[in-house]
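Report on the structure
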Amino acid sequence: MLFLAVTTGLDKIKAVPPAFWWKLGAAVLCIVVIAIILQKVAAMNKVVLAIVCLVIFTVVGVNWVYERNEPAFMTPIVEKLAPFLPSKGSYGAKQQQTPDQLQNKKK
């Protein structure tokens, strides 16, 4: 009777919820896609790659400054760049002031 109570590996696999298998499949697919992309990037002209990376980092960086939704570790860098770039709230604050207030502020 004792040998009937033994669970097999297949029984344990059946007990795993389907959501886990979907997440595992998505993770494997992501790794495969990243590997393919890295192979394509390795064969790419390095100047073109540098320009594409510069454009991507610039767009993401300006978006972080404008929206102020940067990751916590990037906050010190964004704080230093924020005075030089427009932010979401700065336009509305300027529109609330009269031209006389803006002139007095510049003096």
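Residues numbered from 1 in each chain as written. Predicted model: local features only at pLDDT ≥ 70, side-chain atom pairs only at ≥ 80, totals over all residues. Heavy atoms only, no water.

**A few points about the overall build of the protein chain**
Secondary structure assignment for the protein chain yields six helices and zero strands. The order of α-helices and β-strands along the protein chain, N terminus first, is α-α-α-α-α-α. Per-residue burial for the protein chain yields a buried fraction of 5% across its 107 residues. Carbon and sulfur atoms make up 73% of the accessible area of the protein chain, which totals about 9600 Å². (Helix = DSSP H or I, 4+ residues; strand = E, 2+ residues; numbered from the N terminus. Buried < 20%, exposed > 50% of the residue type's maximum accessible area, 1.4 Å probe, protein only. Areas by Shrake-Rupley, 256 points an atom, 1.4 Å probe, with all protein chains shown as cover.)

**Notes on the side chain of E70**
If you trace the backbone, E70 turns up in the loop between α3 (46-67) and α4 (75-81). Among the polar contacts listed, one links the side chain of E70 to the side chain of R68, at a separation of 3.2 Å. For E70, the side chain forms a polar contact with the side chain of T75, separated by 3.3 Å. Those residues within four positions of E70 in sequence are excluded, and the remaining contacts are W64, T75 and V78. (Polar contact = N/O pair within 3.5 Å; in protein donor to acceptor, adjacent residues only side chain to side chain. Contact = heavy atoms within 4.5 Å.)

**Focus: α3**
For α3, which comprises 22 residues, the first-to-last C-alpha distance of 31 Å matches the rise-based estimate of 32 Å (1.5 Å per residue) to within 8%. Immediately beyond the C-terminal end of α3, within one or two residues, lies R68, with a positive phi of roughly 55 degrees. (Expected span 1.5 Å × (residues − 1).)

**Here we look at unusual backbone geometry**
Not every positive phi belongs to a glycine, and R68 is a case in point at roughly 55 degrees. The residue R68 is located in the loop between α3 and α4 in this model.

**Quick look at the pattern of salt bridges**
This model, assessed by the stated rule, comprises three salt bridges. Across the salt bridge formed by E67 and K88, the nearest N and O atoms sit 2.9 Å from each other. Of this pair, E67 sits in helix α3 while K88 sits in helix α5 (residues 88-95), and the two are 21 residues apart along the sequence. Of the residues examined, E67 reaches a relative accessible area of 32% and is grouped as partly exposed. Among the ionic pairs, E79 bridges to R68, the shortest N-O distance being 2.9 Å. (Salt bridge = Lys/Arg side-chain N within 4 Å of Asp/Glu carboxyl O.)

**Points about a nonpolar patch on the surface**
A cluster of nonpolar side chains, contributed by L10, I13, F20, W21, L24, V28, V32 and I36, occupies part of the molecular surface with about 730 Å² of accessible area. Of all the elements in the fold, those that place two or more residues in the nonpolar patch are α1 (9-15) and α2 (18-42). By the secondary structure assignment, L24 is in helix α2. (Patch = residues over 30% accessible without salt bridge, like charges linked within 9 Å, V, L, I, M, F, W, Y side chains within 5 Å.)

**Here we look at the confidence of the model for the protein chain**
On average, residues of the protein chain score 84 in pLDDT, and 80% of them are at 70 or above. Least confident of the elements in the protein chain is helix α6 (residues 99-106), whose mean pLDDT is 67; most confident is α2, at 93. (pLDDT = per-residue confidence, 0-100.)

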